[in-house]
Amino acid sequence: MMSKTVRIAPSILSADLLKLADQVAEVEAAGADWIHIDVMDGRFVPNLTFGAGMIEAVRRVTDLPLDVHLMVLEPEQYIEPFAEAGASVFTFHPEATVHVQRHLAAVRARDMMAGLALNPGTPLAALEEVLDDVDLVLIMSVNPGFPAQSYIGSATAKLARARALLDRHGSGAALEVDGGISPRTIRAAHAAGADTFVAGSAIFSASDPGAVIGELRERCREGVPV
């Protein structure tokens with residue numbers, strides 16, 4: 001059963017960091033639901049980005065949930081500092097650690113949503129054994145590490161299989177998709193069962209980011225062509 005929820009989560013990886021407070025305020029005023037923060041360590045993925053300091057900085061300028069996606073080895077070492085910094089969602093990759101269930105439980109114990117992210121080559125089987133422990137499933141529709149990549153078409157079928165798995169299990173976890181999401185690609189992802197959409201360059205590279213958020217939401221409504 002496809003969720004009727006639509007959450008738009010602009011990714012600050014594509015924002016102008018010199019104008020970050022203004023840009024966060026702009027997308028919040030335009031109806032953004034979450035703010036997405038990508039954390040990369042240069043080891044799990046070939047890029048280096050934000051840490052607890054950025055989470056604290058964004059928390060100071062918005063009350064929106066902060067959706068933190070960790071593309072790092074040993075994500076468990078960040079649970080405590082990120083919770084203290086104001087993270088609302090803590091999502092990590094199963095390949096990046098050993099005791100996945102233990103760390104999901106630790107995330108929840110710090111009053112954050114526990115998320116598990118699956119790369120394009122990571123099977124849904126990595127999720128099946130911990131379904132009771134996740135509040136969010138993130139399907140990557142690009143290979144992570146860099147912004148402004150193209151949506152991998154096979155992600156649509158994977159989203160549909162993930163939605164079917166969650167529904168069979170009776171899970172209320174959010175189904176998020178990240179990578180190449182734009183007004184052109186969001187409709188298929190939503191039809192496949194995604195309810196939470198990370199968009200970076202499509203929003204922050206536009207002359208009117210707020211208008212793009214509105215268009216993304218409109219594209220998810222039944223009958224709107226892509």
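To be clear, the structure that these remarks concern was listed above.
Nothing here was measured: the structure is a model prediction, and the numbers come from that model.

## Side note on the overall build of the protein chain
Helix and strand counts for the protein chain stand at nine helices and eight strands. Here the C-alpha radius of gyration of the protein chain, 16 Å, is about what a compact globule of 226 residues would show, namely 17 Å. Across its three principal directions, the C-alpha atoms of the protein chain cover 45 × 40 × 30 Å. Burial analysis of the protein chain (226 residues in total) assigns 54% to the buried set. When contacts within the protein chain are restricted to residue pairs at least 6 apart in sequence, long-range pairs at least 24 apart make up 64% of them. Looking at the protein chain as shown, the accessible area adds up to about 9600 Å², and 51% of this sits on carbon and sulfur atoms. Of the side-chain charges in the protein chain, 18 are positive and 29 negative, and the distance between the mean point of each set is 5 Å.

## Some thoughts on the pattern of salt bridges
A side chain with one charge may pair with a side chain of the opposite charge, provided their charged atoms come close. Evaluated as defined, the whole model comprises eight salt bridges. Across the pair R7 and D195 runs a salt bridge, and its minimum N-O distance is 3.4 Å. One end of the pair, R7, is in strand β1 (residues 7-10); the other, D195, is in the loop between α7 (186-191) and β8 (196-199), with 188 residues separating them in the sequence.

## Some words on the sheet that holds strand β2 (residues 35-40)
Pairing is parallel in the open sheet, where eight strands are placed in the order β1-β8-β7-β6-β5-β4-β3-β2. Strand pairing shows two members of the sheet lacking a second neighbour, β1 and β2, which therefore form its edges. Put simply, the sheet's adjacent strands are angled 25 degrees from each other on average, direction ignored. Across four bridges, strand β5 (residues 113-118) lies against strand β6 (residues 136-140) in parallel orientation. Bridge assignment links L116 to a residue of β6, and that residue is V137. Its contacts with the sheet put helix α6 (residues 155-169) on β5, β6 and β7 (174-178), and the angle it makes with β7 is roughly 170 degrees.

Criteria and cut-off values
- Residues numbered from 1 in each chain as written.
- Predicted model: local features only at pLDDT ≥ 70, side-chain atom pairs only at ≥ 80, totals over all residues.
- Heavy atoms only, no water.
- Helix = DSSP H or I, 4+ residues; strand = E, 2+ residues; numbered from the N terminus.
- Rg over C-alpha atoms; globule rule 2.2 N^0.38 Å.
- Buried < 20%, exposed > 50% of the residue type's maximum accessible area, 1.4 Å probe, protein only.
- Contact = heavy atoms within 4.5 Å.
- Areas by Shrake-Rupley, 256 points an atom, 1.4 Å probe, with all protein chains shown as cover.
- Lys, Arg positive; Asp, Glu negative; His and termini not counted.
- Charge placed at Lys NZ, Arg CZ, Asp CG, Glu CD.
- Salt bridge = Lys/Arg side-chain N within 4 Å of Asp/Glu carboxyl O.
- Pairing = 2+ DSSP bridges.
- Axes fitted to C-alpha atoms, helices over the stretch in contact; angles between N-to-C directions.

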